[in-house]
Amino acid sequence: MSSDNTPSLDELDRYLFKCADIIRNTVDKTDYKDYILPLVFYKTISDTYQDNYEELLEEYDDPEIASDEAFHDFVVPEEYRWEELRKQSERVDEFINDAFSALERENEPTLDGVFRTDFRRADALGDTKLTDLVEHLSTYNLSTHRVPPDLLGEAYMDLVRHFADEEGRDGGEFFTPPHIVDLMVRLLAPYEDGAEIHDPTAGSGGMLVRASRYAMEDPDSGDPDGFRLTGQEVNPDIAAIARMNLFINGYSEDGHIRREDSLSNPQFTEDGQLEAFDYVLANFPFSADWDKDGLRDDKYGRFNWAEEGKLPRADRGDYAFIMHKIAQLNETGRAAIVIPHGVLFRRHESKFRKPMLSPDGGDIPGVDHEIVEAVVGLPSNLFQNNSIPSAILVLNKDKPVERQGQVLFFHAGDNYVDEFYRELSNQNELTERGLDHVVENFRSWNTEERVSRVVDVEEIAANDYSLNIALYVDTTEPQEEIHVAEELTMLHDLRAERDELEARMDQHMEVLGYE
């Protein structure tokens, strides 16, 4: 039976992680998320519907009113509620597939395409294993009436992170480590009332959720209940996970994930124009191919503001993604984007950096001053899918007057000055102390030796618009200061010790009869 007690986050984590142990060796570990996450979502909406139904029935004493769709975020047909699933002992996979189809049908268009997994596809995941998994998930009542959405949402994201760890390198394609997301979210704070936050390469939706959660605790940010969270994800299975993630975190109405390639087929448009957002957070696939030829005459005018009409290389779409994100910012919009270091200094890409650093915004549509606000260099080995050093590029279309003509460079790639990161068994992780240090220097616009420096754009222009952090902040390992007097004293003492040892050796050799 389901527990009526509200579990703690640790209890929820253990409870959800156990699901992977139950089906281990029956499906490939890269498929754990495809089978477990939809079941968790199914359990959540079924429990929520049942609790809501019973409360309405007690209040109105009318089953018709209690089942009225207007009173429920999601409709769960009676024959497919979770307790009906628990009664199944044979062909459990078929029942789950039928339940998923019924949920999508009864909740069109909200849940269209959310339940993509065919449980009959996994031969080894038979009735016994599925029954064990269903019974384990029945341990807790996951209704949002019992478990607050922020608590359940955090546990759900912990589960997504767990699966990313299980998958190793491939897991990094849909999950950005939370400490990196936290830094990005804090660099864009505070968030205004009614903020529209967008992620064009949304993965599992973690950046959108964490931005909202941060605003809940930030006294300077607006009410996150009025936020609109939107994202686009090219992988249909990951897009489905992102949609479930937003729903579980309480964004059934104001959270929207759409599936398609954000460069070739942007989904957030209005009257033939790209929608513009207050904030953009993104971690795009590094140096991926893009449809350069097909988008040369892009109808949204995203890619044609470099000198001589040059576009990014077809086999290196980093700047194509950056251009797309700039086009998605409204007149006061700001962005935090994870980038590979090569974006900062590759010579053939200086033509793309120059407009972003021009006093009049170059030929970038809707930009009237330089848009680069900060470059934050990160340590290597922070991601599951690569170990190369990366950085966060902060863009601002509404740069404060006092910051115009300047860029802040921050070097958090080494622990020479502060503990910016800790070394874990398989990758590095930014520390809370390191996050605080970066954010404090950014907000105070502070120059600090070997850490950060405010640089005039004229100096950057003189360096052919290179944003290489090492040009502006001393990133070399500091040499230990040499105290000449102390070193001479030590040398004198070592020589005296050597002379004493040689004298003793001569005495021993003489006693033994050696000349």
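Residues numbered from 1 in each chain as written. Predicted model: local features only at pLDDT ≥ 70, side-chain atom pairs only at ≥ 80, totals over all residues. Heavy atoms only, no water.

*Asks:* Mind showing me how you'd approach the packing of helix 5 (residues 92-106) against helix 6 (residues 127-137) here?
*Replies:* For the pair helix 5 and helix 6, interaxial distance at closest approach is 9 Å and the crossing angle is 55°. Judged on the interaxial angle alone, helix 6 and helix 5 are oblique. Contact with helix 5, carried on its side by V92, D93 and I96, involves D127, L130 and T131 of helix 6 and no other residues of that element. In terms of residue class, the contact of helix 5 with helix 6 is built from three nonpolar, one polar and two charged. (Axes fitted to C-alpha atoms, helices over the stretch in contact; angles between N-to-C directions. Helix = DSSP H or I, 4+ residues; strand = E, 2+ residues; numbered from the N terminus. Parallel < 35°, antiparallel > 145°, perpendicular 65-115°, else oblique. Contact = heavy atoms within 4.5 Å. Nonpolar A, V, L, I, M, F, W, Y, C, P; charged D, E, K, R; others polar.)

*Asks:* Is there a simple way to think about unusual backbone geometry in this case?
*Replies:* As a rule of thumb, non-glycine residues mostly have phi less than zero, and peptide bonds are mostly trans rather than cis. The step from E108 to P109 runs through a cis peptide bond, and the omega angle for that step is -5°. Considering the arrangement of structural elements, one finds P109 in the loop between helix 5 and helix 6. Cis rather than trans, the peptide bond between A189 and P190 has omega equal to 0°. Positionally, P190 belongs in the loop between helix 8 (178-188) and strand 1 (196-199). With a phi close to 75°, N25 is a non-glycine residue in the positive phi region. Topologically, N25 is positioned in the loop between helix 1 (9-23) and helix 2 (32-60).

*Asks:* Quick question: what am I supposed to make of a negative patch on the surface here?
*Replies:* A cluster of like negative charges, contributed by E64, D68, E69, E78, E79, E106, E108 and D112, occupies part of the molecular surface. Structurally, the position occupied by E106 is in helix 5. Residue class for E106 comes out partly exposed when judged on its relative accessible area of 36%. (Patch = residues over 30% accessible without salt bridge, like charges linked within 9 Å, V, L, I, M, F, W, Y side chains within 5 Å. Areas by Shrake-Rupley, 256 points an atom, 1.4 Å probe, with all protein chains shown as cover. Salt bridge = Lys/Arg side-chain N within 4 Å of Asp/Glu carboxyl O. Lys, Arg positive; Asp, Glu negative; His and termini not counted. Charge placed at Lys NZ, Arg CZ, Asp CG, Glu CD. Buried < 20%, exposed > 50% of the residue type's maximum accessible area, 1.4 Å probe, protein only.)

*Asks:* Can you help me understand the packing of helix 8 against helix 14 (residues 432-444) in this one?
*Replies:* Any two packed helices are characterised by the angle at which their axes cross and by the distance between the axes. In contact at an axis separation of 10 Å, helix 8 and helix 14 are set at 20° when each is read in the N-to-C sense. It follows that helix 8 is roughly parallel to helix 14 by the angle criterion. Seen from above, helix 8 lies across helix 14 with right-handed handedness. Counted together, H179, D182, L183, R186 and L187 of helix 8 and E432, L435, D436, V438, V439, F442 and R443 of helix 14 form the full contact between these two elements. Broken down by class, the residue content of the contact of helix 8 with helix 14 amounts to six nonpolar, one polar and five charged. (Left-handed = near helix turned anticlockwise from the far one by under 90°.)

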